[in-house]
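If you want the building blocks of each chain, they are given just below.
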Amino acid sequence: MNRNFPTTRLRRNRKSLFSRNLVRENKLAIEDLIYPIFVIDGENQKVAVKSMPSVHRLSVDNAIKVAVEAHKLGIPAIALFPNIESSLRTADGLEATNPNGLIPSAVRAIKKEVPELGVITDAALDPYTTHGQDGILDSNGYVINDITVAALCDQSQVCADAGADIIAPSDMMDGRVGAIRKRLDDNQRTDVQILSYAAKYASNYYGPFRDAVGSSSTLRGDKYSYQMDPANRNEAIHEVALDIAEGADMVMIKPGMPYLDIIRQVKDEFGLPTFAYQVSGEYTMLASAIENGWVDKKIILETLLCFKRAGADAIFSYFALDVARSLNN
Ligand code: PBG
């Protein structure tokens, strides 16, 4: 078979739209999207997140409206993150385990209104601690693994009892997936899924998120002692393997776009549902460049498609609502 030019001309398939449509290898669908929502206390509240253009923190009544819209658009799931009053933040983040706290209340209200919409809640203490770390600290400021895992189990159970469909530990403690699985199973929550932030890197791309949940001003130190070094790839595979062995139903790679190589390798090696998080810093870079007219809005669909090409099954994105609206048209 002759595979050389001029017999072979790859531009032939690219010439017409119909042909480009036929030979396209990957596709982004609304069903691939997960929409993160920041929740605050109060009624009829909608507070802009300064570092994230067009993103707001919503009181539960407004979050319900957005959840309904997301569901109508065909988005399969939302992920809830709290910004709680500073008076409720403590060194041990105990509010995370309050069954009547902001997140469990939001979950109950949303599941009541739109039961078919998947609701994902985070397991991590950072929005609840005075120091902004994801766990409980010793006197040197080091996050104590096993004590934190016990708190994460309590937090997961409270969210599962409120009706969360998926618990997503984003804390990077060792052994937390297995411990959470056991806690859920011991409490008749065998059907609650675990989406593990399995390879979560210590990233500067999380800055705007920390603004949104109110932990950036209080964050003491860095997260290098539990989140992964951006230089490492083999370690990500090791992390994912452990989380799968501990019972993760789905695994997540985070951040997204700068880590597409990790997504591809994880998908190839394990073949499990592999999710990606287009995190706040990625969102803000794109959204602000679009706002200024420096890049075309079409860059959003391009970047999300690249996640699919890399092997992601689903993508957390703050663009999800906009994208769903435009894919529907
Ligand atoms: C905290 C958490 C973070 C994000 C999700 N859960 C920030 C962090 O680890 O400091 C980041 C999400 C984003 O940047 O959009 N456990």
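From a predicted model like this one, the values you see are computed outputs, not experimental measurements. (Residues numbered from 1 in each chain as written. Predicted model: local features only at pLDDT ≥ 70, side-chain atom pairs only at ≥ 80, totals over all residues. Heavy atoms only, no water.)

### Quick notes on the nonpolar core
Within the largest apolar cluster, 106 residues are counted, with the highest numbers of intra-cluster contacts made by Ile 78, Leu 80, Ile 110 and Phe 316. When neighbours within four sequence positions are excluded, Phe 316 is seen to be in contact with Ile 34, Ala 79, Ile 120, Leu 195, Tyr 197, Met 252, Phe 275, Ala 276, Tyr 277 and Gln 278. (Core = buried A, V, L, I, M, F, W, Y, C linked by side-chain atoms within 4.5 Å. Buried < 20%, exposed > 50% of the residue type's maximum accessible area, 1.4 Å probe, protein only. Contact = heavy atoms within 4.5 Å.)

### Section: the layout of surface pockets
Put simply, the largest pocket is a space of about 450 Å³. Every residue lining the largest pocket is counted, 24 residues in all, and those nearest its centre are Tyr 35, Ser 54, Val 55, Tyr 283 and Asp 322. Taken together, the elements giving at least two residues each to the lining of the largest pocket come down to strand S1 (33–40), strand S3 (56–59), helix H3 (60–73), helix H10 (280–291) and helix H12 (320–328). For the lining of the largest pocket, the residue count by class is 15 nonpolar, three polar and six charged. Estimates place the volume of the second largest pocket at around 200 Å³. Lining the second largest pocket are Leu 28, Lys 298, Leu 301, Glu 302, Leu 305 and Leu 327. The biggest single contributor to the lining of the second largest pocket is helix H11 (residues 299–310), with three residues. (1 Å grid on protein atoms, 1.4 Å probe; cavity = no way out; pocket = protein on both sides within 12 Å on 5 of 7 lines; lining within 4 Å. Points joined across faces, edges and corners; volume = space filled by probe spheres on them. Helix = DSSP H or I, 4+ residues; strand = E, 2+ residues; numbered from the N terminus. Nonpolar A, V, L, I, M, F, W, Y, C, P; charged D, E, K, R; others polar.)

### Regarding the packing of aromatic side chains
For the coordinates displayed, the defined rule picks out ten aromatic pairs. Measuring from centroid to centroid gives 6.1 Å for Phe 38 and Phe 81, while their planes differ by 45 degrees, and the two rings are tilted. One end of the pair, Phe 38, is in strand S1; the other, Phe 81, is in strand S4 (residues 77–82), and 43 residues separate them in sequence. Judged by its relative accessible area of 2%, Phe 38 is buried. According to the relative accessible area criterion, Phe 81 is buried, its value standing at 3%. Through successive ring pairs, a cluster of aromatic residues spans Phe 38, Phe 81, Tyr 197, Phe 209, Tyr 277, Tyr 283, Phe 316, Tyr 318 and Phe 319. Just above the ring of Phe 209 sits the side chain of Lys 254; from NZ or CZ to the centre is 5.9 Å. Geometry around Tyr 277 places Lys 254 over its ring, the cationic atom sitting 4.9 Å from the centre. (Phe/Tyr/Trp six-rings, centres within 6.5 Å; stacked < 30°, edge-to-face > 60°. Lys NZ or Arg CZ within 6 Å of the ring centre and 35° of its normal.)

Honestly, that's just the spatial picture; any functional story needs more than this.
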